[in-house]
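Inside the fold
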Amino acid sequence: MDRRTLLIAGGATLLVAGCSVGGPTVQLGPDGKPLPQVYPIAQQGPGVVEYRFLDSLNTLRQARGAPPVVLNAALNAAAATHARDMAVQNRPWHFGSDGSSPLLRVQRVGYTGTLLGELISETYETEIETLSVWMQSPDQRQVLLDPRMTEIGLSWYQESNGKIWWTLVTGAGLPGAAMAGMGAPAYGVAPAPGAFAPAGTGIAPGTGAVIGGTL
């Protein structure tokens, strides 16, 4: 079932007791499936989410022979701008409400390296769960394990109902700038209905993933 449809499904909810005596109460949606649990990001503490994601990503990269990456303040700023803007637009896609592309956004924040990719997601899931979902998609996994990547920016915007708009921006610092010609930037979005695909961006049908988009 499509993740976005499940996560924002409306309608009445049903309360049922947990399997064990004294267990937690579970809320079910109209489709009989458990409703998403709100992840209180604000309670995680400064830097906790970013570094938990970074550690998990580097563990995955190490297991596949890719070098570790670090957080970059400029890429974080570009990610933060787009995460909030997606919430304003109420759709997960790679273009800002002002028409900005991922490349333009990193230029605006003064990033001096080479933009390699951008991943986005509209979900109620934690940063680790979101990373796991991205890793399940070949296109998005390619972005995460890119051997050229040396730094990332991760940010999010959480709505009052708990929905989270995640943005990950990846890049290669100045030492890797000469490798920019190895391939076009890659962009990926977690599957969701209604994801808009501008003409010529190369969105893979049925996946929402964009590889080598024209910006």
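Our subject is the structure that appears above.
Predicted, not measured: the structure shown is a model, and the values here were computed from it. (Residues numbered from 1 in each chain as written. Predicted model: local features only at pLDDT ≥ 70, side-chain atom pairs only at ≥ 80, totals over all residues. Heavy atoms only, no water.)

**Here we look at the overall build of the chain**
For the record, the criterion: The helix count covers DSSP runs of H or I at least four residues long, the strand count covers runs of E at least two residues long, and both are numbered beginning at the N terminus. For each residue, the accessible area found with a 1.4 Å probe, counting protein chains only, is set against the maximum for its type, and the residue is called buried under 20%, exposed over 50%, and partly exposed in between. Should any heavy atoms of two residues lie within 4.5 Å, those residues are considered in contact. Residue-level accessible areas treat just the shown protein chains as cover; the underlying method is Shrake-Rupley with a 1.4 Å probe.
For the chain, the count of helices and strands is six helices and eight strands. Starting at the N terminus, the α and β elements of the chain follow one another as α-β-β-α-β-α-α-β-α-α-β-β-β-β. Out of the 215 residues belonging to the chain, those deemed buried represent 45%. Taking all contacts inside the chain whose residues are at least 6 apart in sequence as the whole, residues at least 24 apart take part in 66%. For the chain, the computed accessible surface area is about 10,400 Å², with 59% contributed by carbon and sulfur atoms.

**Re the packing of aromatic side chains**
To keep things clear, this is the line we draw: Side-chain rings of Phe, Tyr and Trp (the six-membered ring for Trp) are treated as a pair once their centres are within 6.5 Å; stacked means planes under 30 degrees apart, edge-to-face means over 60, and tilted covers the remaining angles. Counted as over-ring charges are cases with an Arg CZ or a Lys NZ within 6 Å of the ring centre that also lie within 35 degrees of the ring normal.
Tallied over the entire structure, the rule returns three aromatic pairs. Taken together, a centroid distance of 6.3 Å and an interplanar angle of 80° make the contact between F53 and W134 edge-to-face. Residue F53 is located in helix 2 (residues 48-63), and its partner W134 is located in helix 5 (residues 127-136); the two are separated by 81 residues in the primary sequence. Among the residues examined, W134 registers a relative accessible area of 1% and is labelled buried. Aromatic side chains W156 and W166 sit 5.6 Å apart centroid to centroid with 55° between the ring planes, which places their arrangement in the tilted category. Of this pair, W156 sits in strand 5 (residues 151-158) while W166 sits in strand 6 (residues 164-172), and the two are ten residues apart along the sequence. Taking the ring centre of W93 as reference, the NZ or CZ of R91 above it sits at 3.9 Å.

**Some points on the environment of H94**
Put simply, the rule is: The definition of a polar contact used here is a pair of N or O atoms within 3.5 Å, where within protein one atom must be able to donate a hydrogen and the other to accept one, and adjacent residues in sequence count solely through side-chain atom pairs.
Inspection of the secondary structure puts H94 in the loop between helix 3 (73-89) and helix 4 (102-108). One polar contact links H94 to E118, side chain to side chain, over a distance of 2.6 Å.

**Considerations on the pairing of strand 6**
Using the following cut-off: Only strands joined by at least two bridges in the DSSP assignment are considered to pair.
Most of strand 6 is tucked away, with nine of its nine residues classed as buried. Residues of strand 6 alternate between two faces, with I164, W166, L168, T170 and A172 on one and W165, T167, V169 and G171 on the opposite face, all of them buried. Pairing of strand 4 (residues 114-123) with strand 6, which is carried by nine bridges, proceeds in the antiparallel orientation. Within strand 6, the residue paired with E118 across the bridge is V169. Bridge count between strand 5 and strand 6: eight bridges; the pairing is antiparallel.

**Section: the packing of helix 2 against helix 5**
Note the threshold: Only the stretch in contact is used when a helix axis is fitted, and all axes are lines through C-alpha atoms; the angle between N-to-C directions ranges over 0 to 180 degrees. Throughout, a crossing is termed right-handed when the near helix is turned clockwise from the far one, and left-handed when it is turned anticlockwise from it by less than a right angle. Ten residue types, Ala, Val, Leu, Ile, Met, Phe, Trp, Tyr, Cys and Pro, are classed as nonpolar, four, Asp, Glu, Lys and Arg, as charged, and the remainder, Gly among them, as polar.
With their axes 9 Å apart at the nearest point, helix 2 and helix 5 run at an angle of 35° to one another. Crossing geometry of helix 2 relative to helix 5 is assigned as right-handed. Side by side, helix 2 and helix 5 meet where V49, R52, F53, S56, L57 and L60 of the first sit next to E127, I128, L131, W134 and M135 of the second. Across the contact of helix 2 with helix 5, the residue classes break down as eight nonpolar, one polar and two charged.

**Notes on the environment of G162**
As for its position among the elements, G162 is in the loop between strand 5 and strand 6. Residues G162 and I41 lie 121 residues apart in sequence; the distance between their C-alpha atoms is 9.0 Å.

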